[in-house]
Amino acid sequence: MDGHFTCAITGCQQPALRMPDGSDGFCEEHMAMAPAIHRQRFLTVTRRLQSLREIWNNEARYDGIVGDGRYLKLAHATCCAEEALDKAAQRLTLAILASQANPAVVPRENVRQRA
């Protein structure tokens with residue numbers, strides 16, 4: 001994720017990092033509004049896609065994979081990671097929008113357990 005761009009949440013003009021697929025990411029404020037499970041999934045999938053993209057961009061690694069006959073595995077893994085990123089970004093966006101719509105709702109990880 002390189003460079004700063006505008007947050008993907010409509011109306012937000014805060015800076016955000018560009019995602020590996022080239023779309024806008026989320027600003028820190030909006031990321032904090034989502035439940036931890038959605039944030040963690042989004043970040044995990046983003047890192048996975050970034051590492052796969054690095055293989056495509058590294059000529060030596062790419063040639064090694066093609067030479068070993070694993071090109072289709074790389075292509076399939078990349079496609080799956082892109083689809084997973086789309087789903088994770090949608091879930092994160094929905095969680096953020098739901099949080100904005102009902103600010104009285106506190107994420108579970110922020111609620112203290114009663115004894």
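Here the structure is a predicted model, which is why all the values come from computation and not from measurement.

What counts as what
Residues numbered from 1 in each chain as written. Predicted model: local features only at pLDDT ≥ 70, side-chain atom pairs only at ≥ 80, totals over all residues. Heavy atoms only, no water. Core = buried A, V, L, I, M, F, W, Y, C linked by side-chain atoms within 4.5 Å. Buried < 20%, exposed > 50% of the residue type's maximum accessible area, 1.4 Å probe, protein only. Helix = DSSP H or I, 4+ residues; strand = E, 2+ residues; numbered from the N terminus. Contact = heavy atoms within 4.5 Å. pLDDT = per-residue confidence, 0-100. Expected span 1.5 Å × (residues − 1). Salt bridge = Lys/Arg side-chain N within 4 Å of Asp/Glu carboxyl O.

Caption draft 1: Expanded view of the nonpolar core. Counting 24 residues, the largest nonpolar core has Cys7, Ile9, Phe26, Phe42, Leu85, Leu92 and Ile96 as the members making the most contacts within it. Those elements giving two or more residues to this core turn out to be helix H2 (36-57) and helix H4 (71-101). When residues of this core are assigned to their parent elements, the largest contribution, nine residues, is made by H4. Setting aside residues no more than four positions away along its own chain, leucine 92 makes contact with Phe26, Met31, Ala34, His38, Arg39 and Phe42.

Caption draft 2: The confidence of the model for the protein chain, seen in detail. For the protein chain, the average pLDDT comes to 84, and 83% of its residues sit at 70 or higher. Within the protein chain, helix H3 (residues 59-67) carries the highest mean pLDDT (96), whereas strand S1 (residues 4-6) carries the lowest (72). In the predicted structure, residues 110-115 sits below a pLDDT of 50 and forms one contact with residues beyond four places in sequence or in another chain.

Caption draft 3: Structural detail: H2. Its 22 residues place the ends of H2 31 Å apart at the C-alpha level, agreeing with the 32 Å of an ideal helix rising 1.5 Å per residue. Ala36, Phe42, Val45, Thr46, Leu49, Leu52 and Ile55 are the residues of H2 that are buried. Packing partners of the buried residues in H2 comprise helix H1 (28-33), H3 and H4.

Caption draft 4: Focus on H4. Helix length check: H4, at 31 residues, gives a terminal C-alpha distance of 45 Å against a target of 45 Å (1.5 Å per residue), a fit within 8%. Listing the buried residues of H4 in full gives Leu74, Thr78, Ala81, Ala84, Leu85, Ala88, Ala89, Leu92, Ala95, Ile96 and Ser99. Where H4 is buried, its residues contact H1, H2 and H3.

Caption draft 5: Structural view of the pattern of salt bridges. Evaluated as defined, the whole model comprises two salt bridges. The shortest N-O distance in the salt bridge between glutamate 82 and arginine 53 comes to 2.6 Å. Placement of the pair is glutamate 82 in helix H4 and arginine 53 in helix H2, with a sequence separation of 29 residues. Close ionic contact of aspartate 68 with arginine 70 constitutes a salt bridge, the shortest N to O distance being 3.4 Å. Overall, aspartate 68 belongs to the exposed group, its relative accessible area being 54%.

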